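Tertiary structure, described
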Amino acid sequence: MRLVITDSYEQMGLEAANIVAGQIYLKPNSVLGLATGSTPVSMYERLVLVHRTVGLDFSEVTTFNLDEYIGMRPDNSQSYHYFMQENFFRHINIRQENVYIPDGMAEDTVAEGRRYEQLIAAKGGIDLQVLGIGQNAHIGFNEPDVKFAATTHKVELDEETIQANSRFFNDASEVPRYAISMGIKTIMMAEHVIMLANGKNKARAVYKALCGDVTPEAPASILQLHRDVTVIVDKEAASLLPADIHDIQIKNLCR
Ligand code: PGA
C-alpha cells in the first residue's frame, strides 16, 4: 500500500488524475472502475483538463461505475448516470457504448448484478479502480456488515450514508434507501486501486481503513490485503494517522 498525503483537495485530485492518465497512456484500451460523490470531482476536472490541453485519449477506454441508486432513472439529476455525464463523460472523447453503470431501474437486481459482473469479465476485468470512502468506511455502497459481500448486489443504505448524502437532496427523506453496488470481490479483483479521501469528516474512516483490523465492519479495511493500492488523502483526512506514517506503510506492505 502506498500512501500519499496532499496539502489540498485539488492536489489530491491532481495526484489521482496523474495515475489515471498514466494508466491510459500505458494502455489506451484500459478498463477503469469509477466513483461518484464529491471526492473525485477534482480528479475528473483535472482529467478533463489533460484531455483538452494535451489530448489524453479516452476513445478506447471502457469504464464501469461502482454503483447507482435503485429506482433512479438515468436522466434524474440525482442519479449517478447523470453525475458521470455532467462531471466527466460529456467533456471527454469516451464512446458512450464503452460506459457502464449499474441499472438502478432493473426489476431483477440479482440478474442485473450477474449481468454487470459478466460485462466486467468480458472486458477482461478492471485495470484501475478509483474509490472514495464513506464516513462509515464503506467503499462503493458496501456498508459495514458482518460479512464482505462479494459481487454486484442490492444494498440497503446505512442511516449514516443517507444522512451524509442528504446534502445532495432537499432533505434526507428524498435519499433513496437502496442501491446496487459492485461487491468487495469485484473491487478486490481490480489490478490496481486508488482510494481518495479529503476532509476531517473522513479522518476516522481513513484511520480504520489503513490502521484498523481487516473487518467487514470497516469495509475499506479489506484494501490492506490488496497487492496494489495507492491511498491519496489530504492532510485533514490523514489527521488521525500516526505521525510516523512510514510504520503504517511497512506494516501493510508486510501483510
Ligand atoms: P463523497 O462520498 O465523495 O461524496 O464523500 C464518498 C463515498 O460515500 O464513498
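Residues numbered from 1 in each chain as written. Predicted model: local features only at pLDDT ≥ 70, side-chain atom pairs only at ≥ 80, totals over all residues. Heavy atoms only, no water.

Assignment of secondary structure puts T39 in the loop between strand 2 (31-34) and helix 2 (41-54). In contact with T39, not counting residues within four places along its chain, are Y9, M12, L196, A197, N198 and K202. (Helix = DSSP H or I, 4+ residues; strand = E, 2+ residues; numbered from the N terminus. Contact = heavy atoms within 4.5 Å.)

Moving on to the packing of aromatic side chains. Inspection of every chain in the model, using the stated rule, returns nine aromatic pairs. With a centroid separation of 5.5 Å and 90° between ring planes, the pair formed by F58 and F88 is classed as edge-to-face. One end of the pair, F58, is in the loop between helix 2 and strand 3 (62-65); the other, F88, is in the loop between helix 3 (80-87) and strand 5 (99-100), with 30 residues separating them in the sequence. Just as F58 is buried, F88 falls in that class too. By way of ring pairs, the aromatic residues Y44, F58, F88 and F89 are connected into one cluster. K154 extends its terminal NZ or CZ atom over the ring of Y178, reaching a point 4.6 Å from the ring centre. (Phe/Tyr/Trp six-rings, centres within 6.5 Å; stacked < 30°, edge-to-face > 60°. Buried < 20%, exposed > 50% of the residue type's maximum accessible area, 1.4 Å probe, protein only. Lys NZ or Arg CZ within 6 Å of the ring centre and 35° of its normal.)

Next up on the list: unusual backbone geometry. Despite not being glycine, A137 has its phi angle at roughly 70°, a positive value. Looking at the secondary structure, you find A137 in the loop between strand 6 (128-131) and strand 7 (153-156). For A137, a relative accessible area of 0% gives the class buried.

Glancing now at the pattern of salt bridges. For the coordinates displayed, the defined rule picks out eight salt bridges. D7 is the salt-bridge partner of K235, the closest N and O atoms lying 3.8 Å from each other. Of this pair, K235 sits in the loop between strand 10 (229-234) and helix 8 (245-254) while D7 sits in the loop between strand 1 (2-6) and helix 1 (9-26), and the two are 228 residues apart along the sequence. The salt bridge involving E86 is made with R90; its shortest N-O contact spans 3.3 Å. The exposure class assigned to R90 is exposed, which follows from its relative accessible area of 54%. (Salt bridge = Lys/Arg side-chain N within 4 Å of Asp/Glu carboxyl O.)

Now for the environment of A106. Mapped onto the secondary structure, A106 falls in the loop between strand 5 and helix 4 (109-122). By relative accessible area, A106 is classed as buried at 18%. Linking A106 and N136, residues 30 residues apart in sequence, is a C-alpha distance of 27 Å.

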